[in-house]
Amino acid sequence: MKGRTMCGALSAADEGRRVILAGWVNHRRDHGGLTFIDLRDHTGVVQLTFNPETAEEAKRVAERCRLEWVIRVEGVVALRPEGSENPNLPTGEVEVRADRCEVLAQAQAMPLGVGDEAVADERVRLQYRYLDLRRPRMQRNLRARHRFIKALRDAGDRLGFVEIETPTMVPSTPEGARDFLIPSRLWPGHVWALPQSPQLYKQLSMVGGFDRYLQIARCWRDEDLRADRQFEFTQLDLEMSFVEEEEVYSVLEEMVSTAWEAAFQVTPPTPWPRLPFAEAMRRYGSDKPDTRFGHELCEVSQVFASSEFQVFRRALDQGGAVVALRVPEGAQLTRGELEGAFLEVARTYGAQGLAYCWQRDAGLEGGISKFLSEAEADRLRQELGLTAGDLVLFTAGPRQTALVSLGQVRLHAARRLGWIPEGRFDFLWVTEFPLFERDPRTGEVSPMHHPFTQPHPDDWGLLRTEPEKVRSRAYDIVCNGVELGSGSLRITDPRQQAEIFSVLGFSEAEVATKFGFLIEAFRYGPPPHGGFAAGIDRMVMVGLGESSIREVIAFPKTQTGADPMTGAPTRVAEAQLAEVGLRLAAPPPPS
RNA sequence: GGCCCCGUGGUGUAGCUGGCCCAACACGCCACCCUGUCAAGGUGGAGAUCGGCGGUUCGAAUCCGCUCGGGGUCGCCA
């Protein structure tokens, strides 16, 4: 619109200026004579006044206006009469005395509150997402997301990265997450898949001599949705040649902290601490520890080495562990709460139970204290540094289970007791992840990151004998207890790659079919390389303090994987299916 | 596939230990009044059979079952 001024930009300095404004009616106050309209555009809100004595026609239009109508007005910026300034409004010193008003579009009554921060049911918000997006919160979130991505691209450009687009129609691979499949019309009986990540393409661009690859890449995974997971998500995808871990770390630290500053006006200090996986598990019971607060776990198996307490005895006899968490001022937690919500958390993560007792002036009391000997109590006090008023929580069982479940209890306690400081972003690198994990049911090993990850050079000897003990050169970025991304140094030696595939139980024929092109490429001088993929949605979510990824995605899906706005997924005509060679097994619609 | 929470006019909520509720309040909507408000105010009005189905009961928004939808979560997510 020619000559348009933005609402939020007006201030006392504009006094006397004639302006053209356009936007939505955020609010209307009609005094019969004088009419006020708060006009909103994405920059803010400004008050318009319509005076029947000086602008009769405009005033008549204004009094017809309703919430969310779109109008164009002309008028003169004026200081508000003394005493009628609004200190709650950035433009509250001024108003625009409108003499022309044109309705550009009317609006029906809104199905949800738009102008304010009132929160509607999420289903309604998604059904009318285009209205939800008008709300200040969504405007803020998506604009911050834009600045974040722009800053990542700019930083990448400065650091010598080249953005390369990779295909969104790729071969399906059965490993990893479930693929979204696309039928191939031209190749009956064949399918494409949407990429779970551009992993192999970015490695091949290393072979292709682009030694710093970057992409803001859309990825798809057909798995159940969560607060921090959608079918489709966006990642900052990077790959670098001739690097080792520290070079990857410093590039990510530079890019992310720069973008964080651009989008969230906070600069996370760098470098970020490095924490080996094994230590993260031992201290926090998690591979994505929230390090904004202490209260670390403490293994106390030694204390109970000769315990008579059956629960601990059994765990230790079976080669497991007893883990404890000291909760200062835990006296405020009641038995009911410990055996309710706290126990529930422990059970959800596999613990059989949650033992507890209190340290009082006289010694250990309550809970399991009666099963502990005096020596054990003394040793425990010493190990944990207990003082009167403390609560001690225990899990016992297989070491991993005991650690993970108590780690989750630690997080629950932190929220319950207010241990988590506001406004902090504690970034860290979790390093030396295991190369493989073993499925407890089938006993099979599978890659923890992906099968192209380099093993730790010291651990090659364990590959055949104890593969689950092999460390990898994979690393994660974690912030405030959220996994923001992961990466690794890759294998480029075809013989080493064959060795890994062999441990994973892939036949040579399988490898040739699925990854033949990669192995082939690595016979033509692949540079050593490694990279990273960081979840943009999650980073923006954490940066903005949102607790759901859907708050930073313009048009997300519901948890059940649908879009209430468009009604997708939809059925299509038989003919359309037949054309691409599909016949669906789903039952006919109930109609 | 499992577990947990939620579902009342357009929106947000109250009622939910059954009858006083053919449902209340706020915002929005409609009409009228009102020249300085900014959650404007005043008067009047329209609008929900309480997600759906079935059951218990003399009687259900309120109890039970199933189901649908939304959210959280375990599994799953190389």
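Everything below is about the structure printed above this text.
Computed from a prediction, not measured in an experiment: that's the story for all the values here.

### Observations regarding the overall build of chain A
1) Next: A tally of helices and strands in chain A yields 15 helices and 22 strands.
2) Next: Expressed along its principal axes, the backbone C-alpha trace of chain A runs to roughly 95 × 75 × 55 Å.
3) Next: Looking at the 591 residues of chain A, the share that counts as buried comes to 48%.
4) Next: If you take every contact in chain A between residues at least 6 apart in sequence, the share linking residues at least 24 apart comes to 66%.

### Focus: the layout of surface pockets
1) Next: As a volume, the second largest pocket reaches approximately 510 Å³.
2) Next: Taken together, 15 residues make up the lining of the second largest pocket; nearest its centre are Phe 180, Leu 181, Pro 569, Thr 570 and Leu 582.
3) Next: The element best represented in the lining of the second largest pocket is strand β7 (residues 181-183), accounting for 3 residues.
4) Next: In terms of residue class, the lining of the second largest pocket is built from 10 nonpolar, 2 polar and 3 charged.

### Considerations on the protein's contact with RNA strand B
1) Next: The local shell around RNA strand B holds 46 residues, among which His 27, Glu 53, Ser 84, Arg 226 and His 449 are the closest.
2) Next: A distance of 3.3 Å separates a phosphate oxygen of RNA strand B from a polar backbone atom of His 31.
3) Next: Within the backbone of His 450, one N or O atom sits 3.4 Å away from a sugar or linking oxygen of RNA strand B.
4) Next: Of all the elements in the fold, those that place two or more residues in the surface near RNA strand B are β1 (18-30) and α2 (122-127).
5) Next: Looking at the surface near RNA strand B element by element, the count peaks at 3 residues for β1.
6) Next: Classifying every residue of the surface near RNA strand B gives 13 nonpolar, 17 polar and 16 charged.

### Here we look at the pattern of salt bridges
1) Next: Following the criterion strictly, the structure yields 59 salt bridges and no others.
2) Next: The closest approach of N and O atoms between Arg 283 and Glu 279, which form a salt bridge, is 2.5 Å. Of this pair, Arg 283 and Glu 279 both sit in helix α7 (residues 277-284), 4 residues apart, which is roughly one turn of the helix.
3) Next: Residue class for Arg 283 comes out partly exposed when judged on its relative accessible area of 21%.
4) Next: One salt bridge connects Arg 326 with Asp 390, and the closest N-O pair in it is separated by 2.6 Å. Placement of the pair is Arg 326 in strand β13 (residues 321-327) and Asp 390 in the loop between α10 (374-384) and β16 (391-397), with a sequence separation of 64 residues.
5) Next: The class for Asp 390 is buried, based on a relative accessible area of 2%.
6) Next: In the salt-bridge network here, residues are joined through shared partners; they are Arg 125, Arg 129, Asp 132, Arg 135, Arg 137, Arg 140, Glu 546 and Glu 551.

### A look at the packing of helix α4 (residues 136-158) against helix α6 (residues 245-264)
1) Next: Direction vectors running N to C along α4 and α6 enclose 145 degrees, while the axes themselves pass 8 Å from each other. For the pair α4 and α6, the crossing hand works out as right-handed. On α6, the residues touching Ala 144, Arg 147, Phe 148, Ala 151, Leu 152, Ala 155, Gly 156 and Arg 158 of α4 are Glu 254, Met 255, Val 256, Thr 258, Ala 259, Trp 260, Ala 262, Ala 263 and Phe 264.
2) Next: Broken down by class, the residue content of the contact of α4 with α6 amounts to 12 nonpolar, 2 polar and 3 charged.

### Notes on α4
1) Next: With 23 residues, α4 should reach 33 Å at 1.5 Å per residue; the first-to-last C-alpha distance of 33 Å fits that figure.
2) Next: Within α4, the full set of buried residues consists of Met 138, Asn 141, Ala 144, Arg 145, Phe 148, Ile 149, Ala 151, Leu 152, Ala 155 and Gly 156.
3) Next: Gly 160 sits one or two positions beyond α4 and adopts a positive phi of about 90 degrees.

### A few points about the side chain of Ser 257
1) Next: With respect to the helices and strands, Ser 257 occurs in helix α6.
2) Next: Polar side-chain contacts of Ser 257 include one of 3.5 Å to the backbone oxygen of Glu 254.
3) Next: Every residue in contact with Ser 257, bar those within four places of it in the chain, is listed here: Leu 252, Thr 267, Pro 268 and Thr 270.

### Observations concerning the packing of α7 against helix α11 (residues 399-417)
When two helices pack together, their arrangement is given by the angle between their axes and by how far apart the axes lie.
1) Next: One can describe the packing of α7 onto α11 by two numbers: an axis separation of 8 Å at closest approach and a directional angle of 60 degrees. If you check the angle between α7 and α11, you find them oblique. Contacts between α7 and α11 involve Met 281, Arg 282 and Tyr 284 from the former and Gln 400, Leu 403, Val 404, Gly 407 and Arg 410 from the latter.
2) Next: Per-class residue counts for the contact of α7 with α11 are 4 nonpolar, 2 polar and 2 charged.

### Quick word on the sheet that holds strand β6 (residues 162-163)
In a beta sheet, neighbouring strands are held together by backbone hydrogen bonds and run either parallel or antiparallel to one another.
1) Next: Taking strand neighbours across the sheet as the criterion, the 8 strands line up as β6-β9-β10-β22-β21-β20-β17-β11 in an open arrangement whose pairing is mixed. Each having just a single partner strand, β6 and β11 (274-276) make up the two edges of the open sheet.
2) Next: As judged from the 7 bridges shared by strand β10 (residues 232-241) and strand β22 (residues 529-535), these two strands associate in the antiparallel manner. Looking at β22, one finds that Leu 238 is bridged to Phe 532.
3) Next: Against the sheet, α6 makes contact with β9 (212-220), β10, β11, β17 (427-431), β20 (474-479), β21 (482-489) and β22, and its axis sits at roughly 135 degrees relative to β10, the strand it touches most.
4) Next: Helix-sheet contacts for α7 involve β11 and β17, and the interaxial angle to β11 is about 85 degrees.

Definitions and limits used
Residues numbered from 1 in each chain as written. Chains lettered and ligands numbered in written order. Predicted model: local features only at pLDDT ≥ 70, side-chain atom pairs only at ≥ 80, totals over all residues. Heavy atoms only, no water. Helix = DSSP H or I, 4+ residues; strand = E, 2+ residues; numbered from the N terminus. Buried < 20%, exposed > 50% of the residue type's maximum accessible area, 1.4 Å probe, protein only. Contact = heavy atoms within 4.5 Å. 1 Å grid on protein atoms, 1.4 Å probe; cavity = no way out; pocket = protein on both sides within 12 Å on 5 of 7 lines; lining within 4 Å. Points joined across faces, edges and corners; volume = space filled by probe spheres on them. Nonpolar A, V, L, I, M, F, W, Y, C, P; charged D, E, K, R; others polar. Near = heavy atom within 4 Å. Polar contact = N/O pair within 3.5 Å; in protein donor to acceptor, adjacent residues only side chain to side chain. Salt bridge = Lys/Arg side-chain N within 4 Å of Asp/Glu carboxyl O. Axes fitted to C-alpha atoms, helices over the stretch in contact; angles between N-to-C directions. Left-handed = near helix turned anticlockwise from the far one by under 90°. Expected span 1.5 Å × (residues − 1). Parallel < 35°, antiparallel > 145°, perpendicular 65-115°, else oblique. Pairing = 2+ DSSP bridges.

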